[in-house]
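Residues per chain, in single letters:
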Amino acid sequence: MAAIDDLKNLLLLDIRQLEKLADTLKKEKTCLSGSDTKVLEALTREKNAILGDIRERAKQKIRVLVAMGFRPDSGDPSRFIRSAGLHEAYALWQEADLNLKECHALNENNGRIINHLQKRLTRLTDIFRGASGQQKLYGAKGQQTTVSSRTVLASA
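Because the structure is predicted, anything quoted here is derived from the model rather than measured. (Residues numbered from 1 in each chain as written. Predicted model: local features only at pLDDT ≥ 70, side-chain atom pairs only at ≥ 80, totals over all residues. Heavy atoms only, no water.)

K.L.:
Sorry, what's going on with the packing of aromatic side chains here?
P.N.:
Two numbers describe a pair of aromatic rings. These are the distance of the centres and the angle of the planes. Throughout the structure, instances matching the rule amount to one aromatic pair. Between the aromatic rings of Phe70 and Phe80, the centroid separation amounts to 5.5 Å while the plane-to-plane angle is 55°, which identifies the pairing as tilted. Of this pair, Phe70 sits in the loop between α2 (37-67) and α3 (77-83) while Phe80 sits in helix α3, placing them ten residues apart in sequence. The two residues Phe70 and Phe80 agree in class, both being buried. (Phe/Tyr/Trp six-rings, centres within 6.5 Å; stacked < 30°, edge-to-face > 60°. Helix = DSSP H or I, 4+ residues; strand = E, 2+ residues; numbered from the N terminus. Buried < 20%, exposed > 50% of the residue type's maximum accessible area, 1.4 Å probe, protein only.)

K.L.:
How should the packing of helix α1 (residues 2-32) against α2 be read in this particular structure?
P.N.:
Each pair of packed helices can be summarised by the angle the axes make with each other and by the distance between the axes. Their axes nearest at 9 Å, the elements α1 and α2 cross at an angle of 160°. Relative to α2, α1 is oriented roughly antiparallel. Every pair of crossing elements has a handedness; the one defined by α1 and α2 is left-handed. Split into classes, the residues belonging to the contact of α1 with α2 amount to 18 nonpolar, four polar and ten charged. (Axes fitted to C-alpha atoms, helices over the stretch in contact; angles between N-to-C directions. Parallel < 35°, antiparallel > 145°, perpendicular 65-115°, else oblique. Left-handed = near helix turned anticlockwise from the far one by under 90°. Nonpolar A, V, L, I, M, F, W, Y, C, P; charged D, E, K, R; others polar.)

K.L.:
What is the right way to read helix α4 (residues 87-129) from this model?
P.N.:
Three or four residues apart is the spacing at which side chains of an α-helix point the same way, because the helix has 3.6 residues per turn. If you check α4, its first and last C-alpha atoms are 62 Å apart, about what 43 residues at 1.5 Å a residue would give, namely 63 Å. Buried residues along α4 sit in contact with α1, α2 and α3. Gly130, located one to two residues past α4, shows a positive phi value of around 75°. (Expected span 1.5 Å × (residues − 1). Contact = heavy atoms within 4.5 Å.)

Nothing here speaks to function; it is geometry throughout.
Spelled out as structure tokens, the structure:
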């Protein structure tokens, strides 16, 4: 059946591109520790291009699944694939899903690094401007809080 082959081919492309995306995200993490913005910009462009391809294939997969009888309002496509007895396609779907979850975790980690770098840059900018007049402490969750009169345990 051509639709099944189309679905498998789309999933194989997803798997390959998700592996490439994971490599790109790992390179991005390494680049974040340095200061090479040109490389970081190139990685961002590469990442966005891969994500665009994956989004486009997601639409194609839904069209193929609908042609096979899947109703988008019926729930998760993987259940439909499994219930249709398409074992090879289901295995590919699971592998792509696992790769997607790995990329999501890598991207979130990079996001935390970027957030940390932004906070550090803000603190340094405040110091250079002399705007850091209030002392700061770390709260119970590790976030910075400004010392206020209610924070101080005792004063002389």
